[in-house]
Amino acid sequence: MSGSFDPNYAGAPRIERVEVAPGGVAGLLVRVEGRWSQTGERVPKGAVLLVRGDRRQFRFPALPAPEPTDGVWRATFSVPADLRAALDRELVLELGSLAIRLPAPGPGATVSELSSG
């Protein structure tokens, strides 16, 4: 895996929100929102969420979504409910060659709320 794990890396989006919501039959939806620091930054396709389970790492590709029109980048990932506890551990968002550590999500919590508590 190449790229940077630093969320402040110049080529990485500024992550504004990470949350978990119920997502259908025995599943969860992990939603990530952010903005690119540089106007006109080319957004990589194929976002992947990496979740570390007890014995292995799981990869979840982003669900299909329309192109953003408001300048906010969004990705939603479907994760099995039995991995809920793993979502409180290290999460990594892969965007092309970038790998960005995410804060542990909370229902409706923003990144600043998560890091200050």
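Residues numbered from 1 in each chain as written. Predicted model: local features only at pLDDT ≥ 70, side-chain atom pairs only at ≥ 80, totals over all residues. Heavy atoms only, no water.

A.B. asks: Can you walk me through the packing of aromatic side chains in this structure?
C.D. replies: Per the counting criterion, the structure on display carries one aromatic pair. Geometrically, the ring pair formed by phenylalanine 58 and phenylalanine 60 is stacked, given 6.4 Å between the ring centres and 15 degrees between the ring planes. Accessibility assignment for this pair places phenylalanine 58 and phenylalanine 60 in one class, buried. (Phe/Tyr/Trp six-rings, centres within 6.5 Å; stacked < 30°, edge-to-face > 60°. Buried < 20%, exposed > 50% of the residue type's maximum accessible area, 1.4 Å probe, protein only.)

A.B. asks: What should I look at first to understand the pattern of salt bridges in this one?
C.D. replies: Where side chains of opposite charge bring their charged atoms close, a pairing between them can arise. Considering all chains together, one arrives at eleven salt bridges under this definition. Of the charged contacts, one joins glutamate 94 and arginine 59 as a salt bridge, the two residues approaching to 3.2 Å between their closest N and O atoms. Here the residue glutamate 94 occupies a position in strand S6 (residues 91–95), and arginine 59 occupies one in strand S4 (residues 57–61), the gap between them amounting to 35 residues. Overlapping salt bridges, with partners in common, bring together Arg14, Glu16 and Arg35 in one network. (Salt bridge = Lys/Arg side-chain N within 4 Å of Asp/Glu carboxyl O. Helix = DSSP H or I, 4+ residues; strand = E, 2+ residues; numbered from the N terminus.)

A.B. asks: Where do I start with the sheet that holds S6 in this structure?
C.D. replies: Pairing between the strands of a sheet is mediated by backbone hydrogen bonds and can be parallel or antiparallel. What the four strands build is an open sheet, ordered S4-S3-S6-S7; its pairing is antiparallel. The open sheet has two edge strands, S4 and strand S7 (98–102), and neither has a second partner. The average undirected angle you get between the axes of adjacent strands in this sheet is 25 degrees. (Pairing = 2+ DSSP bridges. Axes fitted to C-alpha atoms, helices over the stretch in contact; angles between N-to-C directions.)

A.B. asks: Explain the sheet that holds strand S2 (residues 27–36) here, please?
C.D. replies: Here we have three strands laid out as an open sheet, ordered S1-S2-S5, and antiparallel in their pairing. Pairing within the sheet leaves two strands with one partner each, and these edge strands are strand S1 (13–22) and strand S5 (73–80). Each strand axis lies, on average, 20 degrees off the axis of its neighbour in the sheet, ignoring direction. In this sheet, S2 lies alongside S1 in antiparallel orientation, the contact comprising nine bridges. Directly across from glutamate 19, in S2, lies its bridge partner arginine 31.

Keep in mind these numbers describe shape, not what the thing actually does.
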